Amino acid sequence: RFVIKGSLAGAAVYMAYDQGLLGSGTQGAEALRKAQAALPPAIQEWTSYLGWELPPTPKFDFSPTDSWNKGVQTVMSALSVAPTRACEYTVEGWNYVKDLVK
């Protein structure tokens, strides 16, 4: 059982790497575009084969590259102001302790 599970996990990681999901944001965006183009026809084929009727898929505009860049900018912004904020919070805490002691 362990060998089968390990083989399936290895195959999943290899497929993700092969499709570009573990690469840069641009490669991930390209893989998402490929999936968005390939999945609806495949799902339609399976639903017609099984006799099911699914509602239409919602359309949304999502760019992994833009989201990644926004996340990186937010983290870097937070790290750049962290020393200043730490000093401000230390002063506020020290003043609070002084007021308690009075």
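Remember, predicted model here, so these are calculated numbers, not experimental data. (Residues numbered from 1 in each chain as written. Predicted model: local features only at pLDDT ≥ 70, side-chain atom pairs only at ≥ 80, totals over all residues. Heavy atoms only, no water.)

A. Geometry of the overall build of the protein chain. In terms of helices and strands, the protein chain carries three helices and zero strands. Secondary structure elements of the protein chain occur, N-terminal to C-terminal, as α-α-α. For 102 residues, the compact-globule formula gives about 13 Å, and the C-alpha radius of gyration of the protein chain, at 25 Å, lies well above that figure. Taking all 102 residues of the protein chain together, 6% fall into the buried category. Counting every atom, the protein chain has about 9300 Å² of accessible surface; 66% of that belongs to carbon and sulfur. Of note, the protein chain has its 9 positive side-chain charges centred 8 Å away from the centre of its 9 negative side-chain charges. (Helix = DSSP H or I, 4+ residues; strand = E, 2+ residues; numbered from the N terminus. Rg over C-alpha atoms; globule rule 2.2 N^0.38 Å. Buried < 20%, exposed > 50% of the residue type's maximum accessible area, 1.4 Å probe, protein only. Areas by Shrake-Rupley, 256 points an atom, 1.4 Å probe, with all protein chains shown as cover. Lys, Arg positive; Asp, Glu negative; His and termini not counted. Charge placed at Lys NZ, Arg CZ, Asp CG, Glu CD.)

B. Inspection of helix α2 (residues 25–50) at higher detail. In a regular helix each residue adds 1.5 Å, so 26 residues correspond to 38 Å; α2 covers 36 Å between its end C-alpha atoms and thus fits that length. The sharpest bend along α2 measures roughly 25 degrees and falls at L39, with the proline P40 sitting one to four residues further on. Downstream of α2 by one or two residues, G51 has phi in the positive range, about 85 degrees. (Expected span 1.5 Å × (residues − 1). Bend = angle between axes of the 7 residues up to and from the residue.)

C. Representation of the environment of P40 within the structure. Looking at where P40 falls in the secondary structure, it is placed in helix α2. C-alpha separation for the pair P40 and L21, spaced 19 residues apart in sequence, amounts to 19 Å.

D. Spotlight on a nonpolar patch on the surface. On the surface, a cluster of nonpolar side chains totalling about 450 Å² of accessible area is made up of V13, Y17, L21 and L22. By the secondary structure assignment, L22 is in the loop between α1 (2–18) and α2. (Patch = residues over 30% accessible without salt bridge, like charges linked within 9 Å, V, L, I, M, F, W, Y side chains within 5 Å. Salt bridge = Lys/Arg side-chain N within 4 Å of Asp/Glu carboxyl O.)

E. Focus on the confidence of the model for the protein chain. Chain-level pLDDT for the protein chain is 81 on average; 91% of the residues reach the 70-or-more range. Mean pLDDT across the secondary structure elements of the protein chain bottoms out at α2, with 77, and peaks at α1, with 86. (pLDDT = per-residue confidence, 0-100.)

F. View of the environment of D61. Here D61 is to be found in the loop between α2 and α3 (64–101). Overall, D61 belongs to the exposed group, its relative accessible area being 81%. Each C-alpha atom, one on D61 and one on V91, is 45 Å from the other, the two residues being 30 residues apart in sequence.

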